[in-house]
4 protein chains.
Amino acid sequence: MIIIMKPNATPKQVEDVIQVIQSLELTPHLYQGIESTVIGAVGDNHNIPTDRFEILDGVESVKRISQPFKLASRQLHPEDSIFPLDGFQVGGNEIIVIAGPCSVESRSQIIETAQAVREAGANALRGGVFKPRTSPYSFQGLGEEGLEYLAEARQLTGMPVVSEVMSQTQLDVMVRYVDVLQIGARNMQNFNLLRAIGETRKTALLKRGLSATIEELLMSAEYILAGGNRQVMLCERGIRTFETSTRNTTDINAIPVLKSLTHLPVILDPSHSTGDSEYVAAVARAAVAAGADGLIVEVHPDPARALSDGKQSLRPEKFAEMVRQVRAIAEVMGRKITPVTKPASVGW
Amino acid sequence: MIIIMKPNATPKQVEDVIQVIQSLELTPHLYQGIESTVIGAVGDNHNIPTDRFEILDGVESVKRISQPFKLASRQLHPEDSIFPLDGFQVGGNEIIVIAGPCSVESRSQIIETAQAVREAGANALRGGVFKPRTSPYSFQGLGEEGLEYLAEARQLTGMPVVSEVMSQTQLDVMVRYVDVLQIGARNMQNFNLLRAIGETRKTALLKRGLSATIEELLMSAEYILAGGNRQVMLCERGIRTFETSTRNTTDINAIPVLKSLTHLPVILDPSHSTGDSEYVAAVARAAVAAGADGLIVEVHPDPARALSDGKQSLRPEKFAEMVRQVRAIAEVMGRKITPVTKPASVGW
Amino acid sequence: MIIIMKPNATPKQVEDVIQVIQSLELTPHLYQGIESTVIGAVGDNHNIPTDRFEILDGVESVKRISQPFKLASRQLHPEDSIFPLDGFQVGGNEIIVIAGPCSVESRSQIIETAQAVREAGANALRGGVFKPRTSPYSFQGLGEEGLEYLAEARQLTGMPVVSEVMSQTQLDVMVRYVDVLQIGARNMQNFNLLRAIGETRKTALLKRGLSATIEELLMSAEYILAGGNRQVMLCERGIRTFETSTRNTTDINAIPVLKSLTHLPVILDPSHSTGDSEYVAAVARAAVAAGADGLIVEVHPDPARALSDGKQSLRPEKFAEMVRQVRAIAEVMGRKITPVTKPASVGW
Amino acid sequence: MIIIMKPNATPKQVEDVIQVIQSLELTPHLYQGIESTVIGAVGDNHNIPTDRFEILDGVESVKRISQPFKLASRQLHPEDSIFPLDGFQVGGNEIIVIAGPCSVESRSQIIETAQAVREAGANALRGGVFKPRTSPYSFQGLGEEGLEYLAEARQLTGMPVVSEVMSQTQLDVMVRYVDVLQIGARNMQNFNLLRAIGETRKTALLKRGLSATIEELLMSAEYILAGGNRQVMLCERGIRTFETSTRNTTDINAIPVLKSLTHLPVILDPSHSTGDSEYVAAVARAAVAAGADGLIVEVHPDPARALSDGKQSLRPEKFAEMVRQVRAIAEVMGRKITPVTKPASVGW
């Protein structure tokens, strides 16, 4: 249920609405928009008549949200969600370009890559330290050692750091080191992990599962939002279909569909969605043309020797070429890629 | 097997190669490129040693094509195929924009739509007269009456006409009326129809089947090419997946994959690939950004009353807006949408 | 709309109902069941009130069919459709076992195989003479020559013959030679072909398309039924999914779902649905346990040398073992596989 | 790498082989078969020549396992894995029938259901207490309270208890209460959870993910096996496809494919794989006919009031009918469903 306040509603009137919500054992979620204040009342509210709120002072109207996702819905929050990330904005007219290797493999590898991708135009750094690998016998990531290297790369380049968290037990250490907690496709419905991330106030990057519907992706975002963490980016990374000429099928439709259904920023991962470095630039351009708010791209200084995902990783010079093309498309779309200009940050 | 001739090979030398091919019971296919002449020798040639050709005068080199599609392969024909269509070029740096209703419903409807889409920037007209409908009780198209109306719309607007042929028995009448023979998704592996179209010299627009792989699409194109008809456009129109929020899933990966594997022009149908007019413009932009050579889009003056596909049809003013956006993306890609400027043609 | 007649309705009363149906420009379809007579009134009837029929003498009740398929629906025809096929029954408590090679390759191959599969327990013979092949360069079938061989095999073994028709242009010759017209998966929505088969009175075996929904399969059956041909068998032959360890995914759910939705017999093709002779027997047993009315299985005397589908073809001795297992399951299900006992037939 | 010992190899010779394996930093896995002793040497062994083992006393031969899964492979362990479960055997000629509600809802509901399914022929009890729900606002299970009720039901009926564990943090409490740890489809690639279960010695029931390939399922089993836990059952529970007439598509092919690739027992969940109680019995029969080692079925005394999965839950009397049918199929397959005959156990 959404309670839309009058433009001139007082803080006291807003507070009164929140108290009524709490007295009904619902959870209030306050959204201060530019034009109006909206309060979500989430929980089992189907027996509560809307006039329980309509009679309160300062209330303009009350609506039920028809979709199963509530806090993620554009019905609740018609404006785009925009949130700051270490020097620029996610959402709005800025395009986030996250780049880096699949896995952090060594100190020199991540620092070299970080500098190269910053040079090429990226404004955030990715690198996995806990790796979800199909085989128990494959390289599983450097763990906390890798986080130290990511921290150093962050310090040197000024770029915020994105890394995947696979389990609640890794969350404490991850929160200390990274700027964005990535939830991988295989964990999109690891509900315990989602709840735990909802309890933090770190930005989350939630990847769509290999065969998750768009609605299920939004329901998983709802788990994080319901905990009070509003900084959630959604990521299309390709779905599993019968087609075998690419690793996955990029569901480009998901971009406009998500932009229609939700206020959350939506990015695309052309590395996983194609699985082939030859096709990454074309799909990256398509994503921005379709309205995506950003990209996450695998870049490796020497793809042939990468410990994981070498086939789909771009060399730095190919990535720079991709950024040039994407920037031109972004301009046509009235958007820009903000470069990292601040001096290297001193810490968190 | 491909025989690449030396740049200074004489017509007599080319002719000699062709005679050897025929003497081996293979079929020769001659490609005169800008830089070189290439001759395909198609058929069961795996027992024929390459030096059977290498020793001939004027031959530079001989290669086997490793892919199952031969005439469609870029290995045979490294340059893009470009062919004329009534005033402009398909392929190359021109973007074809085919627009019109799903079905021709009446004389006034098709003429009104044709004028509106030409005005909005389309350079070819679509309209179905033989409709493949899931139900035997649904509207099945106007048949030859519809072709008469299409002919009139063509005369008035100067736009070439694209229409679907469902069966060999319709081919004679279709060839008399239309400029481009469309093969629908459900007929992509109707091999008798493909062969029959290969015997004509009409441009073909071959749509990918609902669950056809990219390789199968190219094998179906091969049926047409093997008959000697080289004017084949391929069309991604969405594939069937588990996702139900859109009618189909646009396989945007297919654009760069096809451009890599084949020399044939590749277009996209965002109306069928999304099934929702709200998402058509976003996916149309994405297609051109990904490198597509054109679009085919459903436009109807009154979608709510359309006899078929109303939900995914754009109103003319929405279509005009889409063309403006697509043109801006095309320019970034170094391409253009050639308008129809010639006076209405006098006939075929 | 279904008009259910009273048990004691007279032929005259039935005739009167049919005349009213025709006067309303609908098509009547008469079903004489064991317990009651039911008349379908098919066409655009949503504006016709049910009391237009309820007031007629002999009418017990009138119902609208809610499903998009009408003649195929169990709502119209609650009892199973059972129809004779050259000595036994399709549907009811008999299991049809159709076996033979993918393609008729030579006179000796088809006759040898026919005798072997009859010996092993099959009661119908399959063999393709017009082959839908992905590649234009693959073996395309023997054509009419193959039909001559099939006719001879039929004569010698007394088994009815099933063969695929790919195109309307092949229909005349096929009707002369075969007992059952198979429509392949790639032609399931070749609506012109379906209509043409609806005009014949030959039994049809309609295979599900690679990515056709169960509802679409029934709509395609409706095209045949609407022409007046009521002898339609449906065939699950595996659908296309992401799984690559088998050629297709056998949708075993389709068996009980179809048996619930339609009165038509339902068979399964474990050769195509698995693509691997190692798994055929297990899936054949599963089909009969799930309630299938029959099987169609590829058998070849020398699979390694088969011109098509060798990997999925059973050797005759493996097929015999499969029939023994299937027969045991059939008995548990209260069903039987009627052997071919009649002397070789003298012709058509 | 597999080291196969001679039939008369001494324990000392086996021990010597294990020491060499450890000295090479590989992990030994000992399998004492009826006919021979086999030792797996798992880890990065591709640089180790097989003659490093062939020269040791008592060694008959050494083979490399070509598949990516090693401990799960039938190449390593050609005989079926059979393991005891509280009074009967999983694998071998016994069919396990696990039944019970989707969720434990109350003490009386689970005890009533447990008694009803035991009466009907089930030999193990299922019931979820930690529920993976798509929506954060849906019923999430009773947690430890539910485990108490399961324990009481176990005591009263003598049936072992199966329940899902969603997270490492729930593992300690689950291990105290349940006999079989179920890993749900959404957690099939929660590698941290799999590893943790590999450290226990509780029987695991690993469900296939919604879009997991058969190979990925086996790789996830490998995570558990690599920890030393050898009691792993695999469960086909339907995959996600384009078909919408059922909740999922039962991949019946997976039964014979898995039985061919692995020695682990394979069961099927017809409740989730169809999503509709009308189709459960047909698919349960098909599973056993295809060679499955067991079933897991949702049963609820009042499906219309179930807090989850009511549509796919059988009433006890329908379940009893299903068991009768399945038992008849099992007998044809040379197998049996061992009833629970022991007195109620006194505890763990």
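Thresholds, definitions, all that
- Residues numbered from 1 in each chain as written.
- Chains lettered and ligands numbered in written order.
- Predicted model: local features only at pLDDT ≥ 70, side-chain atom pairs only at ≥ 80, totals over all residues.
- Heavy atoms only, no water.
- Contact = heavy atoms within 4.5 Å.
- Buried area = accessible area lost by both parts, 1.4 Å probe.
- Salt bridge = Lys/Arg side-chain N within 4 Å of Asp/Glu carboxyl O.
- Polar contact = N/O pair within 3.5 Å; in protein donor to acceptor, adjacent residues only side chain to side chain.
- Nonpolar A, V, L, I, M, F, W, Y, C, P; charged D, E, K, R; others polar.
- Least-squares fit on C-alpha atoms with pLDDT ≥ 70 in both.
- Helix = DSSP H or I, 4+ residues; strand = E, 2+ residues; numbered from the N terminus.
- Buried < 20%, exposed > 50% of the residue type's maximum accessible area, 1.4 Å probe, protein only.
- Pairing = 2+ DSSP bridges.

S.K.: Please give an account of the interface of chain D and chain B that cites residues and values.
M.R.: Facing 4 residues of chain D, the contacting portion of chain B comprises 4 residues. A buried area of about 280 Å², summed over both sides, lies between chain D and chain B, and 82% of it is on carbon and sulfur atoms. For the pair chain D and chain B, the number of links is 0 salt bridges. At the surface where chain D touches chain B, the tally comes to 0 residue pairs in polar contact (both at pLDDT 80 or more). Grouping the amino acids of the side of chain D that touches chain B by side-chain chemistry returns 1 nonpolar, 2 polar and 1 charged.

S.K.: Before we move on, can you summarise the relation of the copies chain D and chain B with the specific residues and values?
M.R.: You can overlay chain D on chain B at an RMSD of 0.0 Å; the transform is a turn of 180 degrees with a shift of 0.0 Å along its axis. When the rotation and shift are considered jointly, the pair of chain copies conforms to a two-fold rotation axis. Closest approach to the rotation axis within chain D is made by the C-alpha atom of Phe242(D), at a distance of 2.2 Å.

S.K.: With reference to specific residues and values, describe the environment of Gln170(D).
M.R.: Tracing the backbone shows Gln170(D) in the loop between β9 (161-164) and α5 (171-177). Since its relative accessible area comes to 7%, Gln170(D) is described here as buried. Sequence separation between Gln170(D) and Gly143(D) is 27 residues; the distance between their C-alpha atoms is 9.2 Å. Discounting residues that sit within four places of it in the chain, Gln170(D) has contacts with Asn192(A), Phe130(D) and Val165(D).

S.K.: I'd love a proper account of the pairing of strand β2 (residues 27-32) of chain A, names of residues and values included.
M.R.: In this sheet, strand β3 (residues 37-42) of chain A lies alongside β2(A) in antiparallel orientation, the contact comprising 6 bridges. Along β3(A), the bridge assignment pairs Pro28(A) with Ala41(A).

S.K.: Give me the interface of chain B and chain A: which residues, what numbers.
M.R.: Where interface size is quoted, it is often the accessible area lost as the parts come together. Taken residue by residue, the interface counts 37 residues in chain B and 37 residues in chain A. Contact between chain B and chain A buries roughly 2700 Å² in total, counting both sides, with carbon and sulfur atoms accounting for 68%. There are 2 salt bridges connecting chain B and chain A. For Arg208(A), the salt bridge identified is with Glu243(B), shortest N-O distance 2.6 Å. Those elements that provide at least two residues to the side of chain B that touches chain A are α8 (254-261), α9 (270-274), α10 (277-290) and α11 (316-332) of chain B. Per element, the largest residue contribution to the side of chain B that touches chain A is 8 residues, and it comes from α10(B). Counted by class, the side of chain B that touches chain A contains 18 nonpolar, 13 polar and 6 charged residues.

Honestly, that's just the spatial picture; any functional story needs more than this.
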